[in-house]
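Coordinate inspection notes
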Amino acid sequence: MTTPALLPLSGRRIPTLSPGASSFPHHRATLRLSEKFILLLILSAFITLCFGAFFFLPDNSKHKRFDFGLEDVLIPHIESEKEARHSSRQVIHGVGMMKHAWDSYRQYGWGHNELKPIAKKGHSTNIFGNSQMGATIVDALDTLYIMGLHDEFKDAQEWIEQNLDFSVNAEVSVFEVNIRFIGGLLAAYYLSGQEVFKVKAVQLAEKLLPAFNTPTGIPWAMVNLKSGVGRNWGWASAGSSILAEFGTLHMEFVHLTYLTGNPAYYQKVMHIRKLLAKMDRPNGLYPNYLNPRTGRWGQHHTSVGGLGDSFYEYLLKAWLMSDKTDTEARKTYDDAIEAIERHLIRKSNGGLTFIGEWKNGHLERKMGHLTCFAGGMFALGADGSPDDKAGHYLQLGAEIAHTCHESYDRTVLKLGPEAFKFDSGLEAVAVRQNEKYYILRPEVIETYWYMWRFTHDPKYRQWGWEAVQAIDKYCRVSGGFSGVKDVYSSNPTYDDVQQSFFLAETLKYLYLLFSSDELLPLENWVFNTEAHPLPVLHQGNITLPGSETQR
């Protein structure tokens, strides 16, 4: 698919309209009704041709096709022709940003895990070990496919077929490799039907299984892909594993068992759940640290941001992914959220709802950018919440979205800081220098998207568009997109890293925000914490051990 060029204007870049829309006259009132109808038909046909045929598994797939709900992928819901032109322009702009990020990586960092867009060379961090595993390629697969960038998708598939090798002497993060690689490969398989992605996902999963060889079955944070030797991060409390890491394996491992028939994956993650269910929880809260040797909590630090966040997300999504049959997961989620609301959620003097962090009996009035995903989680979990509290949780999601937007709006660059405080007269503002950076994170935009899907309040698209403009103005460089070190500085310096999650999450959520609800409907798809969509396992498709319905 050819993407219209992005034209510079006064130092910023703005999108041209789609081919059908570029000739629209400015004064629509002069058009006759029939001409309006014809133009809408042309615009709809263009979008349908671009996107409408890309979302089916091939007929020769070995596995039963899901009802993906992608048959009617059209332009976003429209109230008027003006809105149609505006939304399609924003969709095209998102594709253009993805093209710039991908093409830059393709040119300067191909095969490396990530890209240094200013130095124009490859980049990697210790979460991927010391080898070139093409993290950006795997993480971006489904975004390329969803956006209709099929030439780029084929290039990525070819590299994976020829170069992606997990028999390497590399120590990797079990959590990061699971959510980015296994999640990315599974999503690409379900979207495209290409068998290679499933094969690679299973190969990698086998390499991660030795991490579970601990006295408790709680996995190590890191594992050597060649030797199978595991260990924990040196900085984690007394050799502990981290709640958000061992608690964010469930979705991918259940799908691995579904696709392979091997019960080992399912059993590993269910064992984690059963162990946690037996443990005492201070004030009903889950501490972020658990020792895999002793089975005891580390320091009593609870957070819905880093170290804790996606554990809660996966409880809810396990229920959704099971077609709402995994009631144990839902009950565990509801109990956890009730404790979080009682002990961690507060309202600032200025009326902003925020989620603090519990540290040894004290509430720290600080919220991280990572915590901003929770607005979307509350909205996603509203339906099915106990005691008819659906409206309450949808409202709570809206309040968190508003607070996180304020953290963006109160900066010079209109991009949110890594963490922000609610005390000493300062609200939704970073205080420490080492919390003022923005590394292309997606969580705020993720919440905008969920809130848009559930409310269709136009402010969420407006806020998303503000973020698009800020990212394009301050993070785009000639060699891709870079994070910035201080969102309060009018002359920001770059961190020179194009994170793989920028392509997997940030750009995908922005694209979905301006697309139709029929694109990846939430009744049929559940997004892993890296924004990789996995299909709901409807009862008729379930092949999990102990399930009543067998294939």
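Residues numbered from 1 in each chain as written. Predicted model: local features only at pLDDT ≥ 70, side-chain atom pairs only at ≥ 80, totals over all residues. Heavy atoms only, no water.

Our focus in this paragraph is the overall build of the protein. Of the regular secondary structure elements, the protein holds 16 helices and 21 strands. Relative to its 551 residues, the protein shows a buried fraction of 63%. Relative to all contacts within the protein whose residues are 6 or more apart in sequence, the contacts with residues 24 or more apart total 68%. Total accessible area on the protein stands at roughly 20900 Å², and carbon and sulfur atoms take up 50% of it. (Helix = DSSP H or I, 4+ residues; strand = E, 2+ residues; numbered from the N terminus. Buried < 20%, exposed > 50% of the residue type's maximum accessible area, 1.4 Å probe, protein only. Contact = heavy atoms within 4.5 Å. Areas by Shrake-Rupley, 256 points an atom, 1.4 Å probe, with all protein chains shown as cover.)

Here we take up the UniProt feature "active site" (unreviewed entry) in the protein. According to UniProt, the feature "active site" (unreviewed entry) maps to Glu176, Asp309, Glu418 and Glu443 in the numbering used here. Contacts of Glu176, omitting those with residues within four sequence positions, involve Ile127 and Phe181. As for its position among the elements, Glu443 is in helix 14 (residues 443-455). Discounting residues that sit within four places of it in the chain, Glu443 has contacts with His369, Leu370, Cys372 and Phe373. (UniProt positions renumbered as here; feature names shortened; annotations may be inferred.)

We now examine the state of the cysteines. One pass over the full model with this rule turns up one disulfide. Paired through a disulfide, Cys372 and Cys404 show a sulfur-sulfur distance of 2.0 Å. Classification of the bridge connecting Cys372 and Cys404 rests on its S-S torsion, roughly -95 degrees, and on that basis the disulfide is left-handed. Here Cys404 lies in helix 13 (residues 390-409) and Cys372 lies in the loop between strand 15 (366-368) and helix 12 (374-380), a separation of 32 residues in the sequence. Comparing Cys372 with Cys404 shows no difference in burial state: the two are buried. (Disulfide = S-S within 2.5 Å.)

This paragraph deals with the environment of Val138. Examined against the element boundaries, Val138 turns out to sit in helix 3 (residues 135-146). Considered as a pair, Val138 and Phe181 are 43 residues apart in the sequence and their alpha carbons are 5.9 Å apart. Every residue in contact with Val138, bar those within four places of it in the chain, is listed here: Ile160, Leu164, Arg180, Phe181, Gly184 and Leu185.

As a further point, take the packing of helix 5 (residues 174-192) against helix 6 (residues 195-208). It is the contact of helix 5 with helix 6, at a shortest axis distance of 8 Å, that shows an interaxial angle of 160 degrees. Relative to helix 6, the element helix 5 lies roughly antiparallel. Once helix 5 is placed against helix 6, the crossing between them reads as left-handed. Residues Val174, Val177, Asn178, Phe181, Ile182, Leu185, Leu186, Ala188, Tyr189 and Ser192 of helix 5 lie in contact with helix 6, whose contacting residues are Glu195, Phe197, Lys198, Lys200, Ala201, Leu204, Ala205 and Leu208. Taken together, the residues that form the contact of helix 5 with helix 6 break down as 13 nonpolar, two polar and three charged. (Axes fitted to C-alpha atoms, helices over the stretch in contact; angles between N-to-C directions. Parallel < 35°, antiparallel > 145°, perpendicular 65-115°, else oblique. Left-handed = near helix turned anticlockwise from the far one by under 90°. Nonpolar A, V, L, I, M, F, W, Y, C, P; charged D, E, K, R; others polar.)

Scored by pLDDT, the protein has a mean of 87; 82% of the residues are at 70 or more. Here residues 1-33 scores under 50 on pLDDT; set against residues more than four positions off or in separate chains, the count is 56 contacts. Contacts of residues 546-551 to residues separated by more than four positions or lying in other chains number 11 contacts, the stretch itself having pLDDT below 50. (pLDDT = per-residue confidence, 0-100.)

This brings us to the packing of helix 14 against helix 15 (residues 458-474). When two helices pack together, their arrangement is captured by the angle between the axes and the distance separating the axes. The contact between helix 14 and helix 15 brings their axes to 8 Å, and the two run at 155 degrees. Judged by the angle between their axes, helix 14 and helix 15 are roughly antiparallel. Between helix 14 and helix 15 lies a crossing whose hand is left-handed. Residues Ile445, Tyr448, Met451, Trp452 and Thr455 of helix 14 touch helix 15, and the partners they reach there are Pro458, Tyr460, Arg461, Trp463, Gly464, Ala467 and Ile471. In the contact of helix 14 with helix 15, the residues fall into nine nonpolar, two polar and one charged.

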